[in-house]
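# Coordinates in review
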Amino acid sequence: MNSVKRNIKSISSETLNGKNYIRNDFARNILNYPAMMVPSVQEPIIEKLSFALKDNVSMIDPFMGASNTLVTGMKYGMNVFGQDINPLSLLISQVKTCIYNPQELYEAEQRIVSLINSDESVSIEISFTNIEKWFTKNIQIELSKIYRAIRKEPVLKTRKFFWLAIAETIRLTSNDRTSTFKMHMRPIDEICLRQVSALKTFKSIIRRNIKSIDEYINVLESNGCLNNGSYIKTAQVLWGDSSSEIRTNNTFNLLVTSPPYGDNQTTVTYGQFSYLPLQWIPREDIDDAISIDYLLKVQSIDSNSLGGQIKEKIKDVEERVFEKSRTLGKFINQFKGGERKKAEKVTRFINDLDTSIDKILPKMENNSYLVWTIGNRNVNKQVVQNDSILKELFTHKGISLFTDLEREISNKRMPGRNNFSNMMSKEKILIFKKPF
Ligand SMILES: C[S@@+](CC[C@H](N)C(=O)[O-])C[C@H]1O[C@@H](n2cnc3c(N)ncnc32)[C@H](O)[C@@H]1O
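Notes on the structure follow. By convention here, each chain's residues receive numbers from 1 onward along its written sequence. Per-residue local features are limited, in this predicted model, to residues with pLDDT of at least 70; the limit for side-chain atom pairs, both in listing and counting, is 80 or more; totals at the level of whole chains, interfaces and linings are taken over all residues. The side-chain quantities take in all heavy atoms of the structure and omit both hydrogens and water.

What the chain contains, in helices and strands, is 19 helices and 10 strands. Taking 2.2 N^0.38 as the reference for a compact globule, 436 residues should give roughly 22 Å; the C-alpha atoms of the chain span a radius of gyration of 22 Å, in line with that estimate. Throughout, exposure labels follow a simple rule: accessible area from a 1.4 Å probe, protein chains only, divided by the maximum for the residue type, with under 20% read as buried, over 50% as exposed, and the rest as partly exposed. Within the chain, the fraction of its 436 residues that count as buried is 59%. Note on contacts: a residue pair qualifies if any of its non-hydrogen atoms lie within 4.5 Å across the two residues. Partitioning the intrachain contacts of the chain with sequence separation of at least 6 by distance along the chain shows that 78% fall at a separation of at least 24. Accessible area for the chain stands at about 18,500 Å²; split by element, carbon and sulfur atoms hold 47% of it. Between the averaged position of the 61 positive side-chain charges in the chain and that of its 49 negative side-chain charges there is a distance of 4 Å. Starting at the N terminus, helices and strands are each numbered in turn, a helix being any DSSP run of H or I of at least four residues and a strand any DSSP run of E of at least two. C-alpha atoms define the radius of gyration in this analysis, and the globule rule sets the expected value at 2.2 Å times the number of residues to the power 0.38. Accessible surface is estimated by sampling points in the Shrake-Rupley manner with a 1.4 Å probe; for residues, cover comes only from the protein chains shown. Just so you know, the count uses Lys and Arg for positive and Asp and Glu for negative, and it drops His and the chain ends. All charge positions are set by atom: Lys at NZ, Arg at CZ, Asp at CG, Glu at CD.

Okay, structure coming up:
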């Protein structure tokens, strides 16, 4: 066995299963985004591949989510690039890949808190359909005070940091349940009895986040990744639909990603999770170049994500994709009638995933490594073998598996009660190598 493979295979199952992971490290702390990667699981893989690439690494994550992968790459002094279709993912990633001066954040915190404390206005800054359903009047008033104070901050990078804190405040103080990523209102009697304050929540989140940033800056500093307060390499994150375009002219020798496991509506509704926070964050403070109308409907982000749109006839999609993946063809062909209709979503998702791979591959250099973490799921009580399907898609493009690992996913953040229970308890880490 070649030595890179041997090194990767030697990673212990305790590490892969996240037994010794740190729950409160910087990467996970800033905002609890759905299905985040556990950094300590990826880290040994990234470290070993970085060594194999002689520490000269440019890494891409085309489905960056909360950008934990990119943050891990930065700890190893890599050039990092990430993209995601969800504007909230972009905001999280902008904050997490930016080098802040903690002292400046403390000063901004004081300005913002003092503006909030002296603000006696009861006017509401935001209006959208059903706002009364999702926020009590008092929470709307408190969020409006926070909103006005953040808007007065002159520096965009600073505002982004505080918008992220308002996003988490909204998640914790709205009438939406936190036990599921789908929007689902709490019962009225529970809402009436709840004692929550957006102001108190916001203040404690900013304290925690500044502390986390401070710790992360110290890690980068002690790893020699900072020079005069700036990151020594490049870190770029953009909004983008990875099945349409990878928005960079750069090339990469390492890809580390965990794509969705199916269309968002029936797996993880990243878009619904983000809908309420995004109502309160000005679009121009995230990125003017976002080209979808993400606030149009609760489902707008999810229906623009992989597998969310009906772009062509299912027969045409099947013909093309089944040729690339026999496993998918066999899976779909076992169903008839309503079950077959339901399973069509899997075909559309795999087709979009395949299109994304076609956009990604030209950006990958020869001899580059591609690390894909993917889990299987159930549809119509049958297992969709995403891992085998992904391998077949790559084989069809002339790229074979380099090596693989398996891990338990009990530690990956999943909602307690929603249709994710139809997912598996294990996921595969598939490592491909683009041939010379
Ligand atoms: C499993 S999460 C990524 C988790 C991430 N690796 C982390 O550690 O936080 C999958 C991400 O894919 C994104 N996504 C779905 N469809 C996309 C598309 N067409 N283009 C770009 N990103 C997409 C979702 O918004 C979500 O953030």
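What follows is about the packing of aromatic side chains. For Phe, Tyr and Trp, where Trp contributes only its six-membered ring, two rings pair if their centres lie within 6.5 Å, and the inter-plane angle classes them as stacked under 30 degrees, edge-to-face over 60, or tilted in between. On inspection of all chains with the given rule, the structure shows 15 aromatic pairs. Ring geometry for Phe 161 and Phe 162: centres 5.0 Å apart, planes at 85°, overall edge-to-face. The pair formed by Phe 161 and Phe 162 is uniform in burial state, with each residue classed as buried. Judged by centre distance (5.7 Å) and plane angle (85°), the ring pair of Phe 181 and Phe 273 falls under edge-to-face. One end of the pair, Phe 181, is in the loop between helix H10 (156-173) and helix H11 (188-193); the other, Phe 273, is in helix H13 (residues 270-279), with 92 residues separating them in the sequence. When its relative accessible area of 2% is taken as the criterion, Phe 181 is described as buried. Taking the relative accessible area as the measure of exposure, Phe 273 reaches 4% and is therefore buried. A network of ring pairs unites the aromatic residues Tyr 33, Phe 181, Tyr 270 and Phe 273 as a single cluster. Sitting above the plane of the Phe 402 ring, Lys 5 keeps its charged end 5.0 Å from the centroid. Over the ring of Tyr 100 we find Lys 157, and its NZ or CZ is 5.4 Å from the ring centre. Working rule: Lys NZ or Arg CZ, within 6 Å of ring centre, within 35 degrees of ring normal, means a charge sits over the ring.

Let us now look at the packing of helix H7 (residues 102-118) against H10. Look at H7 against H10: their axes get within 11 Å of each other, and the N-to-C directions meet at 70°. The angle between the axes of H7 and H10 places the two elements in the roughly perpendicular class. Our pair here, H7 against H10, has a crossing hand that is right-handed. Facing H7, whose interface residues are Leu 105, Ala 108, Glu 109 and Ile 112, H10 presents Thr 158, Phe 161 and Phe 162. Classifying every residue of the contact of H7 with H10 gives 5 nonpolar, 1 polar and 1 charged. For helices, the fitted line uses only the C-alpha atoms of the stretch in contact; every axis is such a line through C-alpha atoms, and the angle between N-to-C directions lies from 0 to 180 degrees. Should an angle fall under 35 degrees it is called roughly parallel, over 145 degrees roughly antiparallel, and 65 to 115 degrees roughly perpendicular, with every other angle called oblique. Working rule for handedness: look at the near helix, and if it is turned counterclockwise from the far one by less than a right angle, call the crossing left-handed; if clockwise, right-handed. For this classification, Asp, Glu, Lys and Arg are treated as charged, while Ala, Val, Leu, Ile, Met, Phe, Trp, Tyr, Cys and Pro are nonpolar and the rest, including Gly, are polar.

The immediate surroundings of the ligand are formed by 24 residues, with Tyr 33, Asp 84, Asp 241, Ser 242 and Ser 258 found nearest. Any pair of N or O atoms that falls within 3.5 Å is considered a polar contact. Within protein, one atom must be able to donate a hydrogen and the other to accept it, and sequence-neighbouring residues count only if both atoms are side-chain atoms. A distance of 2.7 Å is found between an oxygen atom of the ligand and a side-chain nitrogen or oxygen belonging to Tyr 33. The separation between a nitrogen atom of the ligand and a polar main-chain atom of Leu 306 is 3.2 Å. Isolated, the ligand exposes 600 Å² of accessible area, and the fraction of that covered by the protein chains is 99%. Grouping the constituent residues of the shell around the ligand by class yields 12 nonpolar, 9 polar and 3 charged. Near residues are defined by distance, with any heavy atom within 4 Å of the molecule or strand qualifying the residue.

A few words on the side chain of Thr 373. Within the element layout of this structure, Thr 373 appears in strand E7 (residues 364-379). Discounting chain neighbours no more than four positions away, the residues touching Thr 373 are Met 37, Thr 257, Ser 258, Pro 259, Tyr 261, Glu 427, Lys 428 and Ile 429.

A few words now on the pattern of salt bridges. By salt bridge we mean one thing: a side-chain nitrogen of Lys or Arg within 4 Å of a carboxyl oxygen of Asp or Glu. Within this structure, the stated rule accounts for 24 salt bridges. For Arg 148, the salt bridge goes to Asp 119, with nearest N and O atoms at 2.9 Å. Of this pair, Arg 148 sits in helix H9 (residues 137-151) while Asp 119 sits in the loop between H7 and helix H8 (131-134); the two residues are 29 residues apart in sequence, bridging distant segments of the chain. In this pair, the class of Arg 148 matches that of Asp 119, namely buried. With a closest N to O distance of 2.8 Å, Lys 397 and Asp 358 form a salt bridge.

On to the nonpolar core. Phe 135, Phe 202 and Leu 254 are the most contacted members of the largest nonpolar core, which has 95 residues in total. Considering each element in turn, this core owes the most residues, 10 residues, to helix H12 (residues 198-222). Each domain's extent is set by a domain assignment, obtained either automatically or from a database. Built from parts of two domains, this core gets at least three residues from each of domain 1 (3-100 + 218-433) and domain 2 (122-214). Beyond its immediate sequence surroundings of up to four residues, Leu 254 is in contact with Leu 49, Leu 53, Val 57, Ser 58, Met 59, Ile 60, Met 78, Met 364, Ser 368, Tyr 369 and Val 371. For this analysis, a nonpolar core means a set of buried residues of the types Ala, Val, Leu, Ile, Met, Phe, Trp, Tyr and Cys, connected via side-chain atoms within 4.5 Å.

Without other data, these values stay purely geometric and don't point to any function.
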